[in-house]
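# Fold and contact review
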Amino acid sequence: MSLTTPTDRPSLRAAIDEQLLKSVGVPARDATQTDLMKAVAEIAREQLSQRWVETQQADTDDKARRVYYLSMEFLIGRTLSNALAALDLTGGAAAGVNEYGQKFEEVADHEPDAALGNGGLGRLAACFLDSMATLGLPSFGYGIRYEYGMFAQDIIRGSQVEYPDPWLADGTPWEFPRADISAPVRFGGWVEHFGERAIWRHAGEVVAKAYDMVIPGHGTRRVSTLRLWKAVAPAHLDLQAFNTGDYGRAAQVKNEYENISWVLYPNDSTPAGRELRLRQEYFFVAASVQDILQRHLAEHGSLDNLHEKVAMHLNDTHPAIAVAELMRVLCDDHGMPWVKAWEITRQTFSYTNHTLMPEALETWPVSLMQHVLPRHLEIIFRINAEFLELAATVRPGDNGFLSRLSLIDEAGERRVRMAHLSIVGSHKVNGVSALHSNLLVQTIFADFAVLWPDRFTNMTNGVTPRRWLAQANPGLAGLLDRSIGSGWRLQLSELKKLEALREDAAFRAEFMAIKRANKARLAALVERETGVKLNPDSLFDVQVKRIHEYKRQLLNVLHVIARYQAIIAAPEADWVPRVTLFAGKAASSYVAAKSIIRLIHDVGQVINNDPRVGDRLKLVFVPNYGVSVAEVIMPGADLSEQISTAGTEASGTGNMKLALNGALTIGTDDGANIEIRENVGDDNIFIFGLRTPEVAALKRGGYQPMRLCESNLALKSVLDAITGGQFSPDDPGRYRPLVDALLWGGDHYMLLADYQSYIDTQYRVDALYQQPEAWARKAITNVANMGSFSADRTIAQYAREIWGIPVRA
Ligand code: 26V
C-alpha cells in the first residue's frame, strides 16, 4: 500500500453526496463546511469499522496476547486527516471537497479537538495508540469518555479565562457506542468476612458504558481500539424517583452517579473535587478490568494463564487502584488463592512514572479510601504487610527503610502512596528518558531499587511521525518524499539520508523555503488570534507547553525584556529580528502560572507597540494551545525553548516535535534534551545552564539568588523594570510576588542561576541565524537525526522488553 499523499485518486464526490443525504441530512447544494466535514468523516468511519471487525476477528482467532494501556488521559486532537491518511483517502477526499468549491484544510478545521488530556502524558498516550496500531499490536487503550475535555482558554485583558469544552455537544462521528458492552462499578459500603472469604457489601453502583474510537494503523489494515467509559445511573434508580413524581430528585440522583465521567481533571485540583477524582480512577479501572477478564475468559476459559495473555500498563499512578481491583476480582469473585493471585497480578502489570515533582505524586487519605473503596483498602493493607515482611529480611532492623518503602505514609494523616502500590504490583517500572529513569532509582524510588534493581528500566518517549510530520507539515513531508522516498513514515530512521543532501545548496534552499511558508502560515494564525502582525523573516522562537514554574517560561520573559532594553539602548545595532511566541494553559488554581501568562501579555503590549522596536522584537501569546494549534506551531518554529531546571522535566515530547520539524533547540541538560543532543551532536543544539548534579550541589551549598541579582546589572535592570511597573503602570505591584519569589523566596527553580548562561546562549543563536546557510545545515541535521524519537521505536521497545509481545522488525 502506498503511503504517499495520493493526488491521482478518484474524487470521492459521489460518496460525499451520498453521506450528506444519508448521515448528515442535507442536500448537497446546501452543504456547509461542517456538513462536508461530517460527510467525509462518515466515509472514513465505515472503513474504520471494517478494519476494526477484521482486527478483532483475527486476534480472537489467534487468542493473541494483548496489551491494555490504562490511562486517565488521551489527548487525541482531531481525527479526520489522520484517518484519511491511514485509509489512503487523503487525495480523493480533498478532490471531492474541492468539487464543492471548498478547501479541504478549511473543512477539516471544523472538527473539534478531542482534548481528553492535560498535556504531555495524555498526548503521549495518543501517540502510543497510533504506534500500537501501526505496529499491529493487539492492543486497547482504556480511559474515560469525558463529556467535557480540557478547558478552552481565552485571554481577556491579558488574563487567562477558562471555558468548558463541550466537545460532544454536536455529537462525534468517531465513536462507536457499544450498547451491549457495559459493566457495573460499585462504591462504598462495608466488608464482611467468612473465614478466608471476603464479601463487599457495596453502598452504590453505577454502570459504565463502552464507547469505542477506532485508531487506524498506517501502512496496515490493523487498528487499535480506544475504549472509553461513560458513567450512567442504573436504570432502577431513575425509576424509583420517577414513579413518585419527584422529577427534581430523580435528576439529582442521576447526576450524583453520572458526574463521574463529566469532566477531565485539570492538573492540580481543589480538595473539594478529590473524592470525585478517586471515583473516576476506580470507575474506569473497574470497568476495564471486567472487560479484559471477560475477553480472556471467553478465549481461554480460565484465569490461571491471565499473565500469559494479558499485559496491563499503568500510565502513571492514576489507574494504580487496578492492582488492588485485580486482586479483589481474582480472590473474592473467582476464589483464587491469594498467593497465586498475587503472582499473576504482578506478572500482568507494568508502570510508567512521568514526573519526579513531589506535588504530582498521588497519595490518597486512608480515611477517604476506607469510605469509597473499603475492600480495596483491606487488600492494600495485606499487600503492604507481606511486602514489608519481605523488605525486613533485606535490611533487618532498619525501620527507616521500611517506613520509606511502606505503601502507607504514616507522617500526619495516613495516606496510601499510589506510586508504591504501582511498583510493588508491577514486574517492570520505567521512566520516560534516560536521565529521568536514572533519577528515579537514585532519588524517589532508591529504596525500591535496592530491593529489586532489575525491575527498573527506561523507555525514552517518542512521537508519531504521521501526525507530527506527515500531517502537520505537508510541505516538508512532500520534500522528503521527493528526496529520500516515503519510507520515513514507518521507518523514521530513514531521515538519516538527509545528511547526504545537507551539502546540496538547492536542497537547503527548498528546505528553508518550506520553513518560510510554514512561518507565514503561523503568522496568519497569530494575526487572526491576537491582531499582531509578524514578519516571517524574523527568527521564530517558540515555547509551547503547559505553563508551570519548573518549565521556566518566566526565564524566557526575562530574556525578552533584557533584549528589549538592549534594543532601546542601541537601536542601530545589527539586531536579528526575533519573534518570541508562547502558548500554553495554566491550571485554573495555579496563581503563579496565571500571573506569568498575564506578564507575557503586559510585556507584549509594551514591546509590540513601541515604535523604537519595530520588527526587531515581537512577543506574542497564542491562546488555547492544544493539539490542533500545535500542528501549526511546530512546523513554523526556528528555535525550540526547552529550558526547565535540570532534573525537573521527565522527558518533554514537544522538544521532539519541534526538532523533527527543523527547529534548533535551546535547552538545559534535562529530560530527553540530553538524548536529542546525543543524536544531533553538540554543534547542532544550544545547551546552557546548570546540570542536574550542579543544581543539587548549589541547593545544598546555600543558593543566594539575591547575590546574583546584585552582581548583574542587566539582570537587575530587567527585574527593576518589572517591579517598577513599567509593564503594568496601572498596577505597579502586580508582579511583585513573581519577582519576590526569585529574590526572597529562594528562586526554587533557579532561574537566576541560569540567567547569564541563557542570555549568552541566546546571542549565540542570533549569530548563527545571521548565517542562513549554516543555520539551514543545522536545521536539516536536526531532522535527519530524529529517527529514534519515533513512538514506533518506543512502542517496539515496550512490546519486547515489558509487555512480551512480538513485533515485526
Ligand atoms: C497529575 C495530576 C494530579 C491530579 C490531577 C490530574 C493530574 C494530571 C496529570 C498529572 C501528572 C502529569 C504528569 C505529566 O504530564 N508528565 C509529563 O509526561 C510527559 C510524557 O511522559 C513528559 O514528556 C513530560 O516531561 C512530563 O512532565
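Preceding this section is the structure that the text describes.
Counting from 1, residues in each chain are numbered in the order their sequence is written. Residues qualify for local features only when their pLDDT is at least 70, as the model is predicted, and side-chain atom pairs are given and counted only at 80 or more; totals for whole chains, interfaces and linings, by contrast, use all residues. Hydrogen atoms and water are omitted, and side-chain values are computed over all heavy atoms in the structure.

## Details of the packing of helix α23 (residues 553-569) against helix α24 (residues 591-608)
Interhelical geometry of α23 versus α24 gives an angle of 15° and a closest axis separation of 10 Å. When the axis of α23 is compared with that of α24, the two are roughly parallel. Crossing angle aside, the handedness with which α23 passes α24 is left-handed. Contact residues: Gln553, Leu554, Val557, Val560, Ile561 and Tyr564 in α23; Ile596, Leu599, Ile600, Val603, Val606 and Ile607 in α24. Only the stretch in contact is used when a helix axis is fitted, and all axes are lines through C-alpha atoms; the angle between N-to-C directions ranges over 0 to 180 degrees. Strands are runs of DSSP state E lasting at least 2 residues, helices are runs of H or I lasting at least 4, and numbering of each runs from the N terminus. Orientation labels follow simple angle bins: below 35 degrees gives roughly parallel, above 145 gives roughly antiparallel, 65 to 115 gives roughly perpendicular, and whatever is left gives oblique. In a left-handed crossing the near helix is turned counterclockwise from the far helix by less than a right angle, and in a right-handed crossing that turn is clockwise. Contacts were defined at the residue level, with two residues in contact if any of their heavy atoms lie within 4.5 Å.

## Notes on the environment of Asp481
With respect to the element layout, Asp481 can be found in helix α20 (residues 474-484). Three labels apply to residues, based on accessible area from a 1.4 Å probe with only protein chains included: buried if under 20% of the type maximum, exposed if over 50%, partly exposed otherwise in between. Residue Asp481 is classed as buried on the basis of its relative accessible area, which comes to 18%. Placed 11 residues apart in sequence, Asp481 and Ala470 show a C-alpha to C-alpha distance of 10.0 Å.

## A short note on unusual backbone geometry
Peptide bonds are, in most cases, trans, and in most cases residues other than glycine have a negative phi. Despite not being glycine, Asp88 has its phi angle at roughly 65°, a positive value. If you trace the backbone, Asp88 turns up in the loop between α3 (80-86) and α4 (90-98). Note on Asp88: relative accessible area 15%, which makes it buried. With a phi angle near 45°, Asp747 is a residue other than glycine that sits in the positive phi range. Residue classification places Asp747 among the buried positions, given a relative accessible area of 2%.

## Quick word on the pairing of strand β21 (residues 617-622)
With 6 of 6 residues buried, β21 lies mostly within the body of the structure. Here β21 shows two buried faces, one formed by Leu617, Leu619 and Phe621 and the other by Lys618, Val620 and Val622. Strand pairing requires that DSSP identify at least two bridges connecting the strands. Where strand β20 (residues 578-583) meets β21, 6 bridges bridge the pair, whose relative direction is parallel. Looking at β21, one finds that Leu581 is bridged to Val620. As for the winding sense of the linkage, the β-α-β connection from β20 through α24 to β21 is right-handed. Look down the strands so they point away from you; if going from the first strand over the helix to the second traces a clockwise path, that crossover is right-handed.

## Digging into the site of the ligand
Residues are classed as near a molecule or strand on a simple rule: at least one heavy atom within 4 Å of it. Neighbouring the ligand are 18 residues; His354, Asn461, Glu649, Ser651 and Gly652 lie closest to it. Counted as a polar contact is a pair of N or O atoms within 3.5 Å, where, for protein atoms, one must be capable of donating a hydrogen and the other of accepting one, and residues adjacent in sequence contribute only when both atoms are in side chains. The contact in question runs from an oxygen atom of the ligand to an N or O atom on the backbone of Ala650, over 3.4 Å. For the ligand, an oxygen atom lies 2.9 Å from a polar atom in the backbone of Gly652. Taking 590 Å² as the accessible area of the ligand by itself, protein coverage stands at 90%. Only the protein chains shown count as cover for residues, and all accessible areas are computed by the Shrake-Rupley method using a 1.4 Å probe.

## Details of empty space enclosed by the protein
Points on a 1 Å grid over protein atoms alone make up a cavity when a 1.4 Å probe fits among them but cannot get out, and a pocket when they form an open set with protein on both sides within 12 Å along at least five of seven lines; lining residues each have an atom within 4 Å of a point. Grid points are joined across faces, edges and corners, and a volume is the space filled by probe spheres set on the points. Enumeration over the complete set of coordinates arrives at 4 cavities of 30 Å³ or more. The space that makes up the largest cavity amounts to roughly 180 Å³. Looking at the largest cavity, it is lined by 18 residues, and the ones nearest its centre are Ile76, Thr79, Asn82, Ile215 and Arg467. Contributions of two or more residues to the lining of the largest cavity are made by α2 (33-62), α6 (120-134) and β10 (204-216). A total of 4 residues in the lining of the largest cavity trace back to one element, the largest contributor, which is β10. Split into classes, the residues belonging to the lining of the largest cavity amount to 10 nonpolar, 3 polar and 5 charged. For the second largest cavity, the calculated volume is near 60 Å³. Around the second largest cavity, the lining residues are Lys545, Lys551, Gln642, Ile643, Ser644, Glu649, Ser651, Gly652, Asn655, Asp670 and Asn673. Note that Gly is not counted as nonpolar here; it falls among the polar residues with everything else outside the nonpolar set of Ala, Val, Leu, Ile, Met, Phe, Trp, Tyr, Cys and Pro and the charged set of Asp, Glu, Lys and Arg. Class assignment of the residues belonging to the lining of the second largest cavity gives a composition of 1 nonpolar, 6 polar and 4 charged.

## Notes on the environment of Arg227
Residue position: Arg227 is located in strand β11 (residues 223-232). When the C-alpha positions of Arg227 and Asp212 are compared, they lie 4.5 Å apart, and in sequence the two are 15 residues distant. When neighbours within four sequence positions are excluded, Arg227 is seen to be in contact with Trp52, Phe140, Gly141, Tyr142, Gly143, Arg178, Ile181, Ala210, Tyr211, Asp212, Asp291 and Arg295.

## Quick word on the sheet that holds strand β16 (residues 415-417)
With antiparallel pairing, the 3 strands of this open sheet are ordered in space as β14-β16-β15. If you trace the sheet from one side to the other, it starts and ends with β14 (363-365) and β15 (408-409), each paired once. As judged from the 2 bridges shared by β15 and β16, these two strands associate in the antiparallel manner. Bridge pairing in β16 places Asp409 opposite Arg415. Along the sheet, helix α9 (residues 274-300) contacts β14 and β16; its crossing angle with β14, the most-contacted strand, is approximately 115°.

## Looking at the packing of aromatic side chains
Aromatic pairs are defined between Phe, Tyr and Trp rings, using the six-membered ring for Trp, whenever the two ring centres lie within 6.5 Å; interplanar angles under 30 degrees are classed as stacked, those over 60 as edge-to-face, and all others as tilted. Counted according to the given criterion, the structure contains 18 aromatic pairs. Look at Tyr68 and Phe140: their rings are 5.6 Å apart centre to centre, the planes differ by 40°, and that puts the pair in the tilted class. In this pair, Tyr68 sits in strand β1 (residues 66-70) while Phe140 sits in strand β4 (residues 139-144), placing the two residues 72 residues apart along the sequence. Tyr68 gets classed as buried once you look at its relative accessible area, which sits at 1%. Each residue in the set Phe387, Phe445, Phe448, Trp452 and Phe456 is aromatic and connected to the rest through ring pairs, giving one cluster. Two conditions define a charge sitting above a ring: the NZ of Lys or the CZ of Arg must be within 6 Å of the ring centre, and it must be within 35 degrees of the ring normal. The ring of Tyr763 carries the charged tip of Arg563 above its face, separated from the ring centre by 5.2 Å.

## What about a nonpolar patch on the surface?
Like-charged residues within 9 Å of one another, or nonpolar side chains (Val, Leu, Ile, Met, Phe, Trp, Tyr) within 5 Å, are grouped into patches, provided each residue has over 30% relative accessible area and no salt bridge. Salt bridge, as used here: a side-chain nitrogen of Lys or Arg that lies within 4 Å of a carboxyl oxygen of Asp or Glu. There is a patch of nonpolar side chains on the surface, built from Tyr148, Trp262 and Val263 and spanning about 250 Å² of accessible area. Checked against the element boundaries, Val263 lands in the loop between α8 (247-258) and α9.

## Side note on the pairing of strand β5 (residues 152-156)
Here β5 shows one buried face, formed by Gln153 and Ile155, and one open face, formed by Ala152, Asp154 and Ile156. Two elements, β5 and strand β6 (residues 159-163), share 5 bridges in a ladder whose sense is antiparallel. Within β6, the residue paired with Ile155 across the bridge is Gln160. Between the antiparallel neighbours β5 and β6 lie 2 residues, among them Arg157 with a positive phi of about 45°.

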